[in-house]
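Now for the letters of each chain:
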Amino acid sequence: MDSWVRFNAQSQAKEKLFRAVQYACTLLGYTLQKGGTGSDLLTKVKQLEAHVSLVRKLMRLGNSAEALEAAKRAIHLSDCVLRLCITVSHLNRAMYFACDNVLWAGKTGLLPKLDQTKWSQRSFRYYLFALILNLTRDAYEIKLLMERESRSGGAKGAWLSPSAPPPDGGEQPQSPASQFPVLSPAGALSPRLQQELRLLVTVLRSNPPLLLDLVRNVCDLFIPLDRLDLYRTGPGFVGACGLASSVLSLLTIVYPWLKLKP
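Residues numbered from 1 in each chain as written. Predicted model: local features only at pLDDT ≥ 70, side-chain atom pairs only at ≥ 80, totals over all residues. Heavy atoms only, no water.

A few points about the overall build of the chain
Then, in step 1: What the chain contains, in helices and strands, is nine helices and zero strands.
Then, in step 2: Each helix and strand of the chain, placed in order from N terminus to C terminus, yields the pattern α-α-α-α-α-α-α-α-α.
Then, in step 3: When the 262 residues of the chain are sorted by exposure, 34% land in the buried category.
Then, in step 4: Surface exposure of the chain reaches about 16,200 Å², of which carbon and sulfur atoms provide 64%. (Helix = DSSP H or I, 4+ residues; strand = E, 2+ residues; numbered from the N terminus. Buried < 20%, exposed > 50% of the residue type's maximum accessible area, 1.4 Å probe, protein only. Areas by Shrake-Rupley, 256 points an atom, 1.4 Å probe, with all protein chains shown as cover.)

A short note on unusual backbone geometry
Then, in step 1: Of note, the amide linkage connecting Lys-261 to Pro-262 takes the cis form, showing an omega dihedral of 5°.
Then, in step 2: One non-glycine residue, Asp-229, lies in the positive phi region at around 60°.
Then, in step 3: Here Asp-229 is to be found in the loop between α8 (208-227) and α9 (235-254).

Comments concerning the side chain of Thr-87
Then, in step 1: Relative to the helices and strands, Thr-87 is located in helix α4 (residues 80-107).
Then, in step 2: A polar atom in the side chain of Thr-87 sits 2.6 Å from the backbone oxygen of Arg-83.
Then, in step 3: Contact partners of Thr-87, with chain neighbours within four places excluded, come to Ala-71, Ala-74, Ile-75 and Leu-82. (Polar contact = N/O pair within 3.5 Å; in protein donor to acceptor, adjacent residues only side chain to side chain. Contact = heavy atoms within 4.5 Å.)

Here's the deal with the nonpolar core
Then, in step 1: Of all hydrophobic cores here, the largest spans 13 residues; its most connected members are Phe-124, Tyr-127, Leu-128, Leu-221 and Ile-223.
Then, in step 2: Looking at this core, the elements that each hand over two or more residues are α4, α5 (116-152) and α8.
Then, in step 3: The leading source of residues in this core is α5, at five residues.
Then, in step 4: Non-local contacts of Ile-223, meaning those with residues more than four positions away in its chain, are made with Arg-19, Tyr-23, Phe-124, Val-238 and Gly-242.
Then, in step 5: In terms of nonpolar packing, the next biggest core, distinct from the first, is built from eight residues, Ile-142, Met-146, Leu-210 and Leu-260 among them. (Core = buried A, V, L, I, M, F, W, Y, C linked by side-chain atoms within 4.5 Å.)

Considerations on the packing of α8 against α9
Then, in step 1: Taken N-terminus to C-terminus, the directions of α8 and α9 make an angle of 145°; their axes are 9 Å apart at the nearest point. Like other packed secondary-structure pairs, α8 and α9 cross with a definite hand, here left-handed. Each of Leu-212, Val-215, Arg-216, Cys-219, Asp-220, Phe-222, Ile-223, Asp-226 and Arg-227 in α8 lies in contact with α9, whose residues at this interface are Phe-237, Val-238, Cys-241, Gly-242, Ala-244, Ser-245, Leu-248, Ser-249, Leu-251 and Thr-252.
Then, in step 2: When the residues that make up the contact of α8 with α9 are grouped by side-chain class, the tally is eleven nonpolar, four polar and four charged. (Axes fitted to C-alpha atoms, helices over the stretch in contact; angles between N-to-C directions. Left-handed = near helix turned anticlockwise from the far one by under 90°. Nonpolar A, V, L, I, M, F, W, Y, C, P; charged D, E, K, R; others polar.)

Looking at the packing of aromatic side chains
Then, in step 1: Tallied over the entire structure, the rule returns four aromatic pairs.
Then, in step 2: Seen in terms of ring centroids, Tyr-96 and Phe-97 are 5.3 Å apart; in terms of plane orientation they differ by 50°. Their pairing is tilted. Phe-97 matches Tyr-96 in its accessibility class, with the two residues each being buried.
Then, in step 3: An aromatic cluster of three or more residues is present, and its members are Tyr-96, Phe-97 and Tyr-127.
Then, in step 4: The ring of Trp-119 has Arg-122 lying over it, and the distance from NZ or CZ to the ring centre is 4.5 Å. (Phe/Tyr/Trp six-rings, centres within 6.5 Å; stacked < 30°, edge-to-face > 60°. Lys NZ or Arg CZ within 6 Å of the ring centre and 35° of its normal.)

Description of α4
Then, in step 1: In this model, α4 (28 residues) spans 40 Å end to end at C-alpha, consistent with the 40 Å of a helix rising 1.5 Å per residue.
Then, in step 2: Directly beyond the C-terminal end of α4, a positive phi value near 95° is found at Gly-109. (Expected span 1.5 Å × (residues − 1).)

Things to note about a nonpolar patch on the surface
Then, in step 1: On the surface, Val-247, Leu-251, Val-254, Tyr-255 and Trp-257 cluster together into a nonpolar patch covering about 500 Å² of accessible area.
Then, in step 2: Relative to the helices and strands, Trp-257 is located in the segment after α9. (Patch = residues over 30% accessible without salt bridge, like charges linked within 9 Å, V, L, I, M, F, W, Y side chains within 5 Å. Salt bridge = Lys/Arg side-chain N within 4 Å of Asp/Glu carboxyl O.)

Digging into the pattern of salt bridges
Note that side chains of opposite charge can pair when their charged atoms are close.
Then, in step 1: Using the criterion set out here, one finds 13 salt bridges in the structure.
Then, in step 2: As a salt-bridge pair, Arg-56 and Glu-15 come within 2.8 Å of each other at their nearest N and O atoms. Of this pair, Arg-56 sits in helix α2 (residues 39-59) while Glu-15 sits in helix α1 (residues 2-34), and the two are 41 residues apart along the sequence. Both residues of the pair, Arg-56 and Glu-15, belong to the buried class.

Concerning the environment of Leu-58
Then, in step 1: Inspection of the secondary structure assignment puts Leu-58 in helix α2.
Then, in step 2: For Leu-58, a relative accessible area of 44% translates into the label partly exposed.

Here you go:
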């Protein structure tokens, strides 16, 4: 069992490393194209990107089964929101990997008449749905932790609120900014919003796995949005986001405690 876990972790690390190389090539190709570099070097970079992408598809041939197994495990979670988000996310990932396997067969010539554009769009739709559910799960976890933090620090939070009196019953000191007239209500954040932002920062700083998962999902989100023409950002931005999320994924493999559970 331990040997299988190590093998699986090594396979994931290799796939994430190839992913980082692929998106680094995307970013490098965009930079070379903008800089007017010779076409020969640009062609080689794009060929390397295509080869690495094909190798990644080969390495992910068994990922659909793993995603289905993960969905089966997620069904038994006690929290209904987490159970729904994680289970459906894994099911979408399974469909995404299945479409990716079909694309690999088309690119290698096993399915020469395959409409690769249609299958690529289909795979990115499943990928987008999975990311939306992942972000929903992140938002739900943040909400729970903020409520818990707010309850545990209720007295302190009341003192931080500008409308609450000080604990000793004395007068609340005025800040220098309060001595000047407010030019526009929209120019300053409300005290309630300021308190919520402070609470959000506290929660994210004290939960690195949640912060890392949130940033990684946000970075990944721009990839299917661009490929599906829902929100065009360009190959440079997509390459940077893909490279950043790949590095963050590698961190969760090198340091397993950074991986969000369950």
